[in-house]
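For reference, the chains in residue letters:
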Amino acid sequence: MGKCILCKKGTFKTEYHPFTFKINGRTYTIPNIKHEVCSNCGEKLIEEETKKYIDEWIKEKLTS
Ligand SMILES: [Zn+2]
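Just so it is clear, the model here is predicted, and its values are computed rather than measured.

Novice: Before we go on, may I ask you to explain the sheet that holds strand β2 (residues 26-38) in this structure?
Specialist: Each strand in a sheet pairs with its neighbour through backbone hydrogen bonds, running either in the same direction (parallel) or in the opposite one (antiparallel). Taken together, the 3 strands give an open sheet; going across it, the order is β1-β2-β3, and neighbouring strands pair in antiparallel fashion. Either end of the sheet is taken by a strand with one partner, and the two such strands are β1 (12-23) and β3 (44-45). In this sheet, β2 lies alongside β1 in antiparallel orientation, the contact comprising 11 bridges. Looking at the pairing, Phe19 lines up with Ile30 of β2. Contacts between helix α1 (residues 48-63) and the sheet are confined to β1 and β2, with β2 contributing the most and set at about 170 degrees to the helix.

Novice: What is the right way to look at the confidence of the model for the protein chain in this model?
Specialist: Should pLDDT be low for a region, the predicted coordinates there are not to be read in detail. Per-residue confidence for the protein chain averages 93 on the pLDDT scale, and 97% of its residues sit at or above 70. Highest mean pLDDT in the protein chain belongs to β2 (95); lowest belongs to α1 (93).

Novice: Please explain unusual backbone geometry as it appears in this structure.
Specialist: One can expect most non-glycine residues to show negative phi and most peptide bonds to be in trans. Of note, Lys8 is a non-glycine position whose phi angle comes to about 60 degrees, a positive value. The residue Lys8 is located in the segment before β1 in this model. Assessed through the 10 C-beta atoms surrounding it within 10 Å, Lys8 is described here as exposed. Located in the positive-phi region is Asn32, a residue other than glycine, with phi close to 55 degrees. Its place among the elements puts Asn32 in strand β2.

Novice: Help me out: how do you make sense of the environment of Leu62 in this one?
Specialist: Tracing the sequence through the fold places Leu62 in helix α1. Each C-alpha atom, one on Leu62 and one on Ile23, is 9.3 Å from the other, the two residues being 39 residues apart in sequence.

Thresholds applied
Residues numbered from 1 in each chain as written. Predicted model: local features only at pLDDT ≥ 70, side-chain atom pairs only at ≥ 80, totals over all residues. Pairing = 2+ DSSP bridges. Helix = DSSP H or I, 4+ residues; strand = E, 2+ residues; numbered from the N terminus. Contact = placed C-beta atoms within 7 Å. Axes fitted to C-alpha atoms, helices over the stretch in contact; angles between N-to-C directions. pLDDT = per-residue confidence, 0-100. Buried ≥ 20, exposed ≤ 12 C-beta atoms within 10 Å, placed from the backbone.

Right, dumping it as structure tokens:
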């Protein structure tokens, strides 16, 4: 990944963090989600590929 689109100074590094979200008033946490984190401003991005993984995870949770 290149320079940060927000601060245009930092570069992104890959970190793994839990990803928490709410659906229908319930809170879910997926561990070890890949984030790209800006070394300067701390902006966190999630790649398209990772978003697809999250979508799949949610679908599975809601249908089981
Ligand atoms: Zn930045």
